[in-house]
Amino acid sequence: MFQPQTQTREYWEQDFSLTEEDIEQLYNYFIEVGKPQTSAEVTRAVMGYRVSAEKQTLRRRVQGRKVYQPSGSFSVGDEVVFPHFDFAETTVSDLRTGNNPEAGEFDVITVKLRGRQRQFAANLQLEHVANLGDNGVEDLLASFDSSELFAENSDVVEPRVVAALEDREEFIVLGGRWFVRALLAEVNIGHLHLSEAVLDMMGGGPLTTEEISVHLDLDKSIPAETRTFSLNTAMLEDPRFDEVAPKNSVAWFLKRVEPEAVLATPERLQFEPVEFDEDFLTAQLKLTRREIADEWSDLPTRDGVITEALFTLTYPHRVTGTMPINSTIRKMLPLGRSPRQLFTFENETTNEQIPIWAVKKGRYLYGFSDWYTQNSVPVGAYLRLRRVPDSNVILFDYEHRNPRKEDVRLATVADGRIKFEFQRRSIACEYDDLMVVGTDYTAAIDAIFERAKTRSLSSLMAALLPELAVLSPQQAVHAKTLYAVTNMLRRVAPDPLFAELVANPAFIPVGEHYWRFDPRRYRRD
């Protein structure tokens, strides 16, 4: 049975790419609908055009020719199209009477098809699957215009359409919808000044485009969706405004009133990659790296939807009032295309809602300082994020327990050098005792942090490991503890730190992820 190209998975997987003809058809499509369209709607239009184009091609082949079906009548010299052989065109070269008593009277035509002589029945009175019906080829063409075409192939087609349109300046995408720049409504500088004033009166935002546009005198003869999209585009190209909504929505904020820690990465979180050899990481150290889940480790995540993330709070995030956007959290959050996005986070215990900024480039969530302080959340605490189904609200909390005093690791400063000791502190949450580290000397630690900027990673490790070792009867330090403490003085991912532990002969493994330092074997930079 004939199956048109556009009805095959192979066509969309192997042969499809957006052409200039497709682009022209999309222009006409946008002119016709007159308003922005989703990626799915645009993809349906492209696929519909391809199906229509194939139909027209087949109709042109049929025009002036007979369409073969076993019930049809033919004569020598007739030009014939064979739908079930990809609409191959040929000419009848011979006609004779058929010889099959079971079939009754019929003819046999001879044609040259695909390079060889072939014979087919004609004037056949019996039912046959190759007969096309009362409307001939139109019945066949109608049969492959399937409503299931998009559902079966959009997973392949839509990403290619989106990628092609993203490379063309004349197409604009915002909030998950596409439009053509030439069809935008006029938005002038006066409209933008007034938009700034509206946001200013609301503390900078966030406000949706609809909430802003009610104060503007935009052309009411243009569809509301187009007016909204046009204002979005103009504001997006104006440096005064930031589009801050989560994925597939739009909201605006005045950039000049955004928190400084959102516009520029806090110094404590500024990350500079350190080269390392992945081969030095043992299976055990790779497992420890996954347990830490540092946002700069770029770890693979499990397939499927992720709705919850559990992680350990580190010193850089505690002092800056942030949380990491590691690989798991990045997949869980409904992040859009904007560099800075504003979410609503809700505490699971108190139901308090707070605005939280997601800074994509810096890989952090900003806005937790007050909550950390009010709840005495320590470095090393286990924190949890959960996505509310069908919502952009994110639930957050720590692992609660009754307060009790425990010996915890604290950093002190003596003679300008960092030292460590255990002190009794009351803690009301579950925590990783290998990564808990606090300090009452923040300013002094900050001064050491500034001096440490010029030191290599290995020299920092060589200085910190002996100071930590005095807290252990075995004079050994766990790799997670060294990572946690090193990050008090340098923002570093566990990957290069663990690789240095293995590569440098001064660091000696003693089992169970614990390490000692031998100064006699240390190679200075």
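Trainee: Please clarify how the layout of surface pockets should be interpreted in this entry.
Mentor: Which parts of space are left empty comes out when a probe the size of a water molecule is rolled across the atoms. What the largest pocket holds in volume is close to 580 Å³. Val173, Leu174, Gly175, Gly176 and Arg337 are, among the 29 residues lining the largest pocket, the residues nearest its centre. Counting only elements with at least two residues in the lining of the largest pocket, the list comes to α5 (149-166), β7 (171-174) and β9 (241-243). Residue composition of the lining of the largest pocket, by class: 12 nonpolar, 7 polar and 10 charged. Approximately 380 Å³ is the volume attributed to the second largest pocket. Elements that contribute at least two residues to the lining of the second largest pocket include exactly α11 (315-320), β18 (400-414), β19 (417-429) and β20 (438-439). The class makeup of the residues in the lining of the second largest pocket is 10 nonpolar, 5 polar and 4 charged.

Trainee: Help me understand the sheet that holds strand β22 (residues 507-511) in this model?
Mentor: Where strands meet in a sheet, backbone hydrogen bonds hold them as pairs that are either parallel or antiparallel. Reading across the sheet, the 3 strands line up as β21-β23-β22 and stay open at both edges, with antiparallel pairing between neighbours. The two strands at the open ends of the sheet, each matched to only one other strand, are β21 (477-478) and β22. The pairing of β22 with strand β23 (residues 514-517) spans 4 bridges and is classified as antiparallel. In the sheet register, Pro509 faces β23, and the bridge partner there is Trp515.

Trainee: Can you walk me through helix α15 (residues 457-469) in this structure?
Mentor: Since one α-helical turn is 3.6 residues long, residues separated by three or four positions face the same way. With 13 residues, α15 ought to run about 18 Å at 1.5 Å a step, and its terminal C-alpha atoms sit 18 Å apart, in line with that. Counted residue by residue, α15 has 11 buried out of 13 residues, so it is predominantly covered. Within α15, the full set of buried residues consists of Leu457, Ser458, Ser459, Leu460, Met461, Ala462, Leu464, Leu465, Glu467, Leu468 and Ala469.

Trainee: Help me out: how do you make sense of the sheet that holds strand β15 (residues 364-366) in this one?
Mentor: Spatial strand order, β11-β16-β17-β13-β14-β15-β12: 7 strands in an open sheet with mixed pairing. Looking at the sheet topology across the chains shown, the edges are occupied by β11 (308-312) and β12 (322-324). If you compare each strand with its neighbour and ignore which way they point, the axes differ by 30° on average. As paired strands, β11 and strand β16 (residues 382-387) are joined by 5 bridges and run antiparallel to one another. Note that in β16 the partner of Ala309 across the bridge is Leu385.

Trainee: How do you make sense of the packing of helix α10 (residues 283-292) against helix α16 (residues 479-489) when you look at a structure like this?
Mentor: When two helices pack together, their arrangement is captured by the angle between the axes and the distance separating the axes. At a minimum axis distance of 10 Å, the contact between α10 and α16 shows a crossing angle of 50°. By the criterion of interaxial angle, the relationship of α10 to α16 is oblique. Between α10 and α16 lies a crossing whose hand is right-handed. From α10, Leu285, Thr288, Glu291 and Ile292 reach across to α16, where they touch Ala479, Lys480 and Tyr483. Split into classes, the residues belonging to the contact of α10 with α16 amount to 4 nonpolar, 1 polar and 2 charged.

Trainee: Looking at this model, I keep getting lost on empty space enclosed by the protein. Mind explaining?
Mentor: With the rule as written, the count across this model stands at 1 cavity of 30 Å³ or more. Within this model, the largest cavity holds a volume of roughly 70 Å³. Here the residues of the lining of the largest cavity sort into 5 nonpolar, 4 polar and 3 charged.

Trainee: Just to check I follow, could you spell out the pairing of strand β6 (residues 116-122) for this structure?
Mentor: Look at any regular strand and the pattern is simple: side chains alternate between the two faces of the sheet. Here strand β5 (residues 107-113) runs beside β6; their pairing, made up of 7 bridges, is antiparallel. Across the sheet, the residue bridging to Ile109 is Phe120, located in β6. The antiparallel pairing of β5 with β6 creates a hairpin that spans 2 residues between the two strands, and Arg114 there sits at a positive phi of about 55°.

Trainee: What am I meant to see in the environment of Arg256 here?
Mentor: By the secondary structure assignment, Arg256 is in the loop between β10 (252-254) and α9 (260-263). Along the chain, Arg256 and Pro239 lie 17 residues apart, while their C-alpha atoms are 9.6 Å from each other. Other than its neighbours up to four places away in sequence, Arg256 contacts Glu196 and Asp200. Within polar-contact distance, the side chain of Arg256 engages the side chain of Glu196 at 3.4 Å.

Trainee: Honestly, the pattern of salt bridges in this entry has me stumped. Any pointers?
Mentor: Side chains carrying opposite charge are able to pair once their charged atoms draw close together. Counted under the stated rule, the structure contains 34 salt bridges. In this structure, Glu170 and Arg168 form a salt bridge, with 2.9 Å as the shortest nitrogen-oxygen distance. Of the residues examined, Glu170 reaches a relative accessible area of 22% and is grouped as partly exposed. Put simply, Arg491 and Glu295 hold a salt bridge, and the shortest N to O gap is 3.2 Å. Here Arg491 is found in the loop between α16 and α17 (494-503), whereas its partner Glu295 is found in the loop between α10 and β11, with 196 residues between them in sequence. Classification of Glu295 by relative accessible area gives buried; the value is 4%. Through salt bridges that share partners, Glu196, Asp200, Asp238, Arg240 and Arg256 make up one connected network.

Trainee: Before we go on, may I ask you to explain the packing of aromatic side chains in this structure?
Mentor: Aromatic ring pairs are described here by two measures, namely the spacing of the ring centres and the angle between the planes. All told, the structure shown has 18 aromatic pairs when counted by the stated rule. On the numbers, 4.8 Å between centres and 80° between planes, the contact of Tyr11 with Trp12 is edge-to-face. For the pair Tyr11 and Trp12, one class covers both residues: buried. Their ring planes at 65° and their centres at 5.8 Å tell us that Phe179 and Phe229 sit as a pair that is edge-to-face. Remark: Phe229 occurs in helix α8 (residues 224-236) and Phe179 occurs in strand β8 (residues 177-180); sequence separation between them is 50 residues. Neither residue differs from the other here; Phe179 and Phe229 are each classed as buried. The rings of Tyr27, Tyr29, Phe30, Phe171, Phe179 and Phe229 are connected pair by pair, giving a single aromatic cluster. Taking NZ or CZ as reference, Arg44 lies 4.1 Å from the ring centre of Phe150, over its face. Over the face of the ring belonging to Phe449 we find Arg268, whose NZ or CZ atom lies 4.0 Å from the ring centre.

Cut-offs and rules
- Residues numbered from 1 in each chain as written.
- Predicted model: local features only at pLDDT ≥ 70, side-chain atom pairs only at ≥ 80, totals over all residues.
- Heavy atoms only, no water.
- 1 Å grid on protein atoms, 1.4 Å probe; cavity = no way out; pocket = protein on both sides within 12 Å on 5 of 7 lines; lining within 4 Å.
- Points joined across faces, edges and corners; volume = space filled by probe spheres on them.
- Helix = DSSP H or I, 4+ residues; strand = E, 2+ residues; numbered from the N terminus.
- Nonpolar A, V, L, I, M, F, W, Y, C, P; charged D, E, K, R; others polar.
- Pairing = 2+ DSSP bridges.
- Expected span 1.5 Å × (residues − 1).
- Buried < 20%, exposed > 50% of the residue type's maximum accessible area, 1.4 Å probe, protein only.
- Axes fitted to C-alpha atoms, helices over the stretch in contact; angles between N-to-C directions.
- Parallel < 35°, antiparallel > 145°, perpendicular 65-115°, else oblique.
- Left-handed = near helix turned anticlockwise from the far one by under 90°.
- Contact = heavy atoms within 4.5 Å.
- Polar contact = N/O pair within 3.5 Å; in protein donor to acceptor, adjacent residues only side chain to side chain.
- Salt bridge = Lys/Arg side-chain N within 4 Å of Asp/Glu carboxyl O.
- Phe/Tyr/Trp six-rings, centres within 6.5 Å; stacked < 30°, edge-to-face > 60°.
- Lys NZ or Arg CZ within 6 Å of the ring centre and 35° of its normal.

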